[in-house]
Amino acid sequence: MNSVSSRTSPLILLMANMFIAMLGIGLIIPVLPEFLKEFGAGGSTAGYLVAAFGLTQFLCSPIAGEWSDKYGRKVMIVSGLVLFTLSNFIFAAASEVWMLYASRLLGGIGAASMIPSIMAYIADVTTEEKRGKGLGMLGAAMSLGFVIGPGIGGFLAELGLRTPFYVSAGVGALAMITSLLLLPESLSEEARMANRGKVVQKESLLSQFAQSFRAPYFIYLLLIFTLTFGLANFEAIFPLFVDKKYSFTARDISILITVGALVGAVIQAVVIDKLIRRFGERTLINTTFLLSAVSLILMLLSGNFWYILLVTLFFFTLTSIMRPAINTLLSKMAGEEQGFVAGMNNAYMSLGNIFGPALAGILYDIHLDIPYIFGAVILLGSFMLSMYFGRKTAAGAPGTREVPSAVQKSWH
């Protein structure tokens, strides 16, 4: 794969696969309130369904990454698309709640099989200079999939409540067949055989978490968790919340989520680099945590559609600035531990995607306002923690480990 064209063609296929995966995740959002009514299920079920996907993705990603090295990227990507397709068919055809859970658990395994392998594939076929661009294009495909998913889900639901899931499954099957026929393997047979012969002494996940607790960048890993927790809390309950509190339709919900996510994607693609250079990571982190907490409280104050749209845009804008700012600072602090930090970043994000929706669903069944009040408290606490840690580090307080000078410069 030395030519430009041979590198570009697989990248387009990979972007399409990632787009489809995120499309399938987004499809569920606007139709969930009406869909769950068929099963007599409430907020806790909605939260658990979202959390179930994150749980199996979290548990299976390390295994899938290892198998990708041993057996190749293509087999894992195609397997992920098979599981994704099957997951959507089960969800569409479900007649009992356990089938919904089975679908989401299976979907999480599919995402775990596909996403690490796609990222590894890009590393295989790009030079170090071009890798950032490749991963950026992949990120854009993910964002676009999530932007379009709720919109398509809301409008297809008018043809039938289960239609979005059948369509998603059909598109997934098409992507699976296309990848099987056209996607070349990026990892040589020699490399795969060598990886199968390796005996690697691996640290347990618990020991890796313990190691992250002692790192100078731990606070920012914790903020990745609280950010994801708050965002997942918002998204998991949002359709049920506006349906019950303000009587919004599936189309209303799809417009709110689609426009909000689209603005977030544009900000990440166009504005974030300029904001980081202008204000610095820490200022952006502190400001966005504080204002995102405020925006969750604002959600409770009015049911006017345009007001909710404005608040939703505000929230998505803030979180779209916050995550890249934290990731950039984490990368600068990582030094020679880039791989470890990236893995821990994903682990903390996965935990946020598990616990955020699950707790939001439980709190919603107590009172529909509580998830947003609790989410605001978490984000406000994160703001205070970030402010405290920033001042302590800037003052050179005892007990903080020295970080590279480049990192120190980025803080001032």
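Look a little higher up for the structure.
Please read all numbers here as calculations on a predicted model, not as lab measurements.

Owing to its 3.6 residues per turn, the α-helix aligns residues three or four sequence positions apart on the same side. With 29 residues, helix α2 (residues 43-71) extends 40 Å between its outermost C-alpha atoms, agreeing within 8% with the 42 Å of an ideal straight helix rising 1.5 Å per residue. Its axis deflected by about 45° at Cys60, α2 carries its strongest bend there, up to four residues before the proline Pro62. Gly72 sits one or two positions beyond α2 and adopts a positive phi of about 105°.

Let's shift gears to the environment of Gly110. Turning to its location among the elements, Gly110 is positioned in helix α4 (residues 97-125). Separated by 23 residues in sequence, Gly110 and Ser87 have C-alpha atoms that sit 8.5 Å apart. Filtering out sequence-adjacent residues up to four positions away, Gly110 remains in contact with Gly80 and Leu83.

Using the criterion set out here, one finds five salt bridges in the structure. One salt bridge in this structure joins Lys37 and Asp243, with 3.5 Å as the shortest N-O distance. In this pair, Lys37 sits in helix α1 (residues 4-37) while Asp243 sits in helix α9 (residues 218-246), placing the two residues 206 residues apart along the sequence. Lys37 gets classed as partly exposed once you look at its relative accessible area, which sits at 49%. Residue Asp369 is joined to Lys245 by a salt bridge in which the shortest nitrogen-to-oxygen separation is 3.2 Å. Of this pair, Asp369 sits in the loop between α13 (338-366) and α14 (370-394) while Lys245 sits in helix α9, and the two are 124 residues apart along the sequence. Residue Asp369 is classed as buried on the basis of its relative accessible area of 14%.

In this structure, Thr85 sits in helix α3 (residues 73-93). Reaching out from Thr85, the side chain makes a polar contact with the backbone oxygen of Leu81 at a distance of 2.8 Å. Beyond its immediate stretch of four places on either side in the chain, Thr85 contacts Ala169, Gly172 and Ala173.

Cut-offs used in this document
- Residues numbered from 1 in each chain as written.
- Predicted model: local features only at pLDDT ≥ 70, side-chain atom pairs only at ≥ 80, totals over all residues.
- Heavy atoms only, no water.
- Helix = DSSP H or I, 4+ residues; strand = E, 2+ residues; numbered from the N terminus.
- Expected span 1.5 Å × (residues − 1).
- Bend = angle between axes of the 7 residues up to and from the residue.
- Contact = heavy atoms within 4.5 Å.
- Salt bridge = Lys/Arg side-chain N within 4 Å of Asp/Glu carboxyl O.
- Buried < 20%, exposed > 50% of the residue type's maximum accessible area, 1.4 Å probe, protein only.
- Polar contact = N/O pair within 3.5 Å; in protein donor to acceptor, adjacent residues only side chain to side chain.

Everything listed here is a matter of geometry and, on its own, says nothing about what the molecule does.
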